[in-house]
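Structure assessment
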Amino acid sequence: MLAGVMTIPLPRLTTWLIMLVILMQPFASGLRGISVVGGQGLILFSDVLLAAVLVGNVHRIRDRRLQGALALAAACIVYTLTIPGFPLAGLIGGIRKSFLILVALAVGTMISPNRRRDVNLTIIITGLVVALYAIKQHFFYDTFDANLLAAQTSDMYTNMFNGERRVFSLLSSGFHVGLLCLVLVAYSLFTKTLGRYPAVILFAVAMVAMYFTFTRTCLIIAVVMVAYRICRALRVPVVIAASTVVVLYALFVIVAPNQVPNPFTAVSDDTRFTGRSVSYTAAAESWGAAPLRLVTGFGIGSA
């Protein structure tokens with residue numbers, strides 16, 4: 001939820017619809033393991049339902065910054081349709097990664113305070129199901145999982161790390177699972193939505209699932225979150241805490257050079273980092289030719 005944003009709370013029925021959308025998303029994605037068309041159709045239905053909630057309640061938004069952001073995003077989508085040679089097949093994916101996130105934030109601001117706990121619990125339960133299935137997937141990879149992976153745009157080799165399969169649960173990739181697990185970690189460390197022991201269990205499940213995604217970025221962020229939580233509890237100054245983390249990380253790099261990524265050599269040795277320079281150069285040239293693309297999010301079609 002965005003604190004301090006002026007909105008008129010949603011009716012109770014609309015809040016239930018939001019909770020339904022939250023529950024629906026991972027299962028709609030997982031349905032692709034049975035029927036690709038059915039899964040994509042259910043994903044599209046849940047997206048449209050979320051957008052419909054916003055359209056039907058947009059008059060409740062009173063914050064001009066949020067109104068402006070939504071109007072700008074809608075204008076960018078319209079402008080994108082006028083770009084010659086734009087791959088319209090990629091428009092839906094782009095909308096889901098940008099505009100719908102903004103829509104979700106806008107809808108979130110309209111949830112009344114007495115219903116926010118229900119929505120938070122819905123997010124936690126949904127995320128917990130995804131995390132538990134990710135753990136199951138690591139130990140028991142079955143035909144359903146193979147079919148779900150085949151329904152992705154990337155191939156099976158993209159989903160490998162050091163010869164091991166990365167879990168993707170019911171979602172599109174291990175990175176998405178890692179991000180969702182970070183949300184669960186944040187709930188367990190920084191909110192009082194759950195009691196102490198349920199929060200510990202949630203944290204443990206999220207960290208195990210996150211580890212099996214083999215996503216370094218998410219793991220590093222999780223470590224930083226834990227360190228920050230400890231520093232808050234002990235009232236340690238941020239500068240001292242940050243310095244301690246850097247020193248400990250440097251020691252790990254020295255003691256276990258083959259287990260811990262070295263940030264100093266990654267710039268030149270890590271092909272996953274250096275290989276992106278081609279994309280960065282092409283993106284800079286594209287944006288230099290048409291600066292407005294920086295606003296609309298029109299890129300070169302590369303992750």
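Description of the structure in this document. (Residues numbered from 1 in each chain as written. Predicted model: local features only at pLDDT ≥ 70, side-chain atom pairs only at ≥ 80, totals over all residues. Heavy atoms only, no water.)

**Concerning the pattern of salt bridges**
This is how it is decided: Basic side-chain nitrogens of Lys or Arg form a salt bridge, by our definition, when they fall within 4 Å of a carboxyl oxygen of Asp or Glu. Think of it this way: any DSSP run of H or I at least four residues long counts as a helix, any run of E at least two long counts as a strand, and we number them from the N terminus. For every residue, the accessible area obtained with a 1.4 Å probe (protein chains only) is divided by the maximum for its type, and the residue is called buried under 20%, exposed over 50%, and partly exposed between those limits.
Under the defined criterion, the tally for this structure stands at three salt bridges. Between arginine 115 and aspartate 118 there is a salt bridge, and its shortest N-O distance comes to 3.4 Å. Note that arginine 115 and aspartate 118 are positioned in helix α6 (residues 113–139) at a spacing of three residues, about one turn of the helix. On the accessibility criterion, aspartate 118 (27% relative accessible area) is partly exposed. Close ionic contact of aspartate 145 with lysine 136 constitutes a salt bridge, the shortest N to O distance being 2.9 Å. Exposure remark for aspartate 145: the relative accessible area of 0% places this residue in the buried category. Three or more residues joined by partner-sharing salt bridges are found here, namely Lys136, Asp142 and Asp145.

**A closer look at the packing of helix α8 (residues 174–190) against helix α9 (residues 196–213)**
Using the following cut-off: Between N-to-C directions, angles cover 0 to 180 degrees, with each direction set by a line fitted to C-alpha atoms, over the stretch in contact for helices. Convention used here: angles under 35 degrees read as roughly parallel, angles over 145 as roughly antiparallel, angles from 65 to 115 as roughly perpendicular, and any remaining angle as oblique. Helix crossings are classified by the rotation of the near helix relative to the far one: an anticlockwise turn of less than a right angle makes the crossing left-handed, while a clockwise turn makes it right-handed. Whether two residues touch is decided by their heavy atoms; if any such pair falls within 4.5 Å, the residues are in contact. Classification used: nonpolar for Ala, Val, Leu, Ile, Met, Phe, Trp, Tyr, Cys and Pro, charged for Asp, Glu, Lys and Arg, polar for all others including Gly.
The geometry of α8 relative to α9 is characterised by a closest axis approach of 8 Å and an angle of 160° between their N-to-C directions. It follows that α8 is roughly antiparallel to α9 by the angle criterion. Here the hand of the crossing between α8 and α9 comes out left-handed. Residues Gly174, Val177, Gly178, Cys181, Leu182, Leu184, Val185, Tyr187, Ser188 and Leu189 of α8 lie in contact with α9, whose contacting residues are Ala199, Leu202, Phe203, Ala206, Met207, Ala209, Met210 and Thr213. Across the contact of α8 with α9, the residue classes tally to 14 nonpolar, four polar and no charged.

**What about a nonpolar patch on the surface?**
Note the following rule: Residues form patches when they are more than 30% accessible in relative terms and have no salt bridge. Like charges link within 9 Å. Nonpolar side chains (Val, Leu, Ile, Met, Phe, Trp, Tyr) link within 5 Å. Accessible surface area values rest on a Shrake-Rupley calculation with a 1.4 Å probe, where residue burial reflects the displayed protein chains alone.
Residues Val247, Leu248, Leu251, Phe252, Ile254 and Val255 make up a contiguous nonpolar surface patch of about 640 Å² in total accessible area. With respect to the element layout, phenylalanine 252 can be found in helix α11 (residues 238–255).

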